[in-house]
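Close look at the chain arrangement
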Amino acid sequence: DQQVKQNSPSLSVQEGRISILNCDYTNSMFDYFLWYKKYPAEGPTFLISISSIKDKNEDGRFTVFLNKSAKHLSLHIVPSQPGDSAVYFCAASSDYKLSFGAGTTVTVRA
Amino acid sequence: DVKVTQSSRYLVKRTGEKVFLECVQDMDHENMFWYRQDPGLGLRLIYFSYDVKMKEKGDIPEGYSVSREKKERFSLILESASTNQTSMYLCASSPRLAGGNEQFFGPGTRLTVL
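Every chain's residues receive numbers from 1 upward, in the order its sequence appears when written. Whichever chain is written first is A, and whichever ligand is written first is 1; the rest continue in order. Given that the model is predicted, a residue must reach a pLDDT of at least 70 before its local features are reported, and side-chain atom pairs must reach 80 or more before they are shown or counted; all residues, however, enter totals for whole chains, interfaces and linings. By convention in this description, side-chain values take in all heavy atoms of the structure and omit both hydrogens and water.

**Thoughts on the interface of chain B and chain A**
Contacts are assigned to residue pairs that have any heavy atoms within 4.5 Å of one another. Counting from both sides, the interface comprises 23 residues of chain B and, opposite them, 20 residues of chain A. Put simply, buried area is how much 1.4 Å-probe accessible surface two parts lose in total, over both of them, once they are put together. Taken over both partners, the interface formed by chain B and chain A buries close to 1,700 Å², and the fraction arising from carbon and sulfur atoms is 58%. We define a salt bridge as a contact between a side-chain nitrogen of Lys or Arg and a carboxyl oxygen of Asp or Glu at a distance within 4 Å. The interface formed by chain B and chain A contains one salt bridge. Where Lys97 of chain A meets Asp59 of chain B, a salt bridge forms, and the shortest distance between an N and an O atom there is 2.4 Å. Polar contact is the term for a pair of N or O atoms within 3.5 Å; when the atoms are in protein, one must be able to donate a hydrogen and the other to accept it, and sequence-neighboring residues count only if both atoms are side-chain atoms. Linking chain B with chain A are five residue pairs in polar contact (both at pLDDT 80 or more), by the criterion used here. Of all the elements in the fold, those that place two or more residues in the side of chain B that touches chain A are strand 4 (31-38) and strand 5 (42-51) of chain B. Helix and strand labels come from DSSP, where a helix needs a run of H or I of at least four residues and a strand needs a run of E of at least two; each type is numbered from the N terminus. In terms of residues, the side of chain B that touches chain A owes the most to one element, strand 5 of chain B, which gives four residues. Amino acids outside the nonpolar list (Ala, Val, Leu, Ile, Met, Phe, Trp, Tyr, Cys, Pro) and the charged list (Asp, Glu, Lys, Arg) are all regarded as polar, and Gly is one of them. Each residue belonging to the side of chain B that touches chain A can be placed in one class, and the counts come to 11 nonpolar, eight polar and four charged.

**With respect to a nonpolar patch on the surface**
Any residue with relative accessible area above 30% and no salt bridge may belong to a patch, with like charges joined within 9 Å and the nonpolar Val, Leu, Ile, Met, Phe, Trp and Tyr side chains within 5 Å. All accessible areas in this document rest on Shrake-Rupley with a 1.4 Å probe, and a residue is counted as covered only by the protein chains that are shown. Taken together, the side chains of Ile18, Ile20 and Val78 of chain A define a hydrophobic patch exposed on the protein surface, amounting to about 220 Å² of accessible area. Among the secondary structure elements, Ile18 of chain A is positioned in the loop between strand 2 (10-14) and strand 3 (19-25).

**As for the environment of Ser49 of chain A**
Residues and elements named next belong to chain A. Considering the arrangement of structural elements, one finds Ser49 in strand 5 (residues 45-51). In this scheme, a residue with accessible area under 20% of its type's maximum is buried, one over 50% is exposed, and one in between is partly exposed, where area comes from a 1.4 Å probe on protein chains only. Taking the relative accessible area as the measure of exposure, Ser49 reaches 19% and is therefore buried. A C-alpha to C-alpha distance of 9.1 Å links Ser49 and Ala91, two positions 42 residues apart in sequence. With residues near it in sequence (within four places) discarded, Ser49 still touches Phe33, Leu34, Asn57 and Val64.

**With respect to the nonpolar core**
Buried together is how nonpolar side chains tend to be arranged in soluble globular proteins. Residue and element names in this part refer to chain A. Buried Ala, Val, Leu, Ile, Met, Phe, Trp, Tyr and Cys residues form a nonpolar core when they are joined through side-chain atoms within 4.5 Å. Among the nonpolar cores identified, the biggest contains 23 residues, and Phe33, Trp35, Leu73, Leu75 and Tyr88 are the most heavily contacted of them. The set of elements that each furnish at least two residues to this core consists of strand 3, strand 4 (32-38), strand 5, strand 7 (62-67), strand 8 (72-77), strand 9 (86-94) and strand 11 (104-109). The element that contributes the greatest number of residues to this core is strand 9, accounting for four residues. Those residues in contact with Leu75 that lie beyond four places of it in its chain are Ser19, Ile20, Leu21, Trp35, Leu47, Ile48, Phe62, Thr63 and Tyr88.

As structure tokens, this is what we get:
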């Protein structure tokens, strides 16, 4: 059973607007949460992470929010740019393992 | 820059064939991983290795084996390929196992088993 779920398979957003990607998890033992970005024909690349003891982490246009009580995290991209069009994977870390969600395909419209 | 390379981008094999997927990393990382990526399922861990000759099963090891004879190289072996092993295979490496272990991925091998 999947411990990390991304319930929106796709998201379309206009250039310059905010993209919000959501992720839910079930395992309360996860200690870190990560977001990866994947372009076609390339491997995923690390984007941003957050420790389970924090509720927010920001890096430039990317901010990740963690709500532990709801077992929910989100990635905000502001402003969205055409180069942000990609598949975004949410991942959660416990011991040595990363558990991944199914991914959300983001399309940024000009 | 960390570089993880995989021996083939595309591979087509017949049912029952033995298949080798090779992965090489150039950053002296201790840990290496093999995943498969399928639509709607994300990335699922097949095997990982935390040192030369050491390996651990991931979530879906059935039908696969691995080999790590050198630190920089991690091989995934399909002893007898089956059609349900048609997938995108991704190799990754990481300098550490615990605490938000950022993994660096190769470009993937798309394997089709006919």
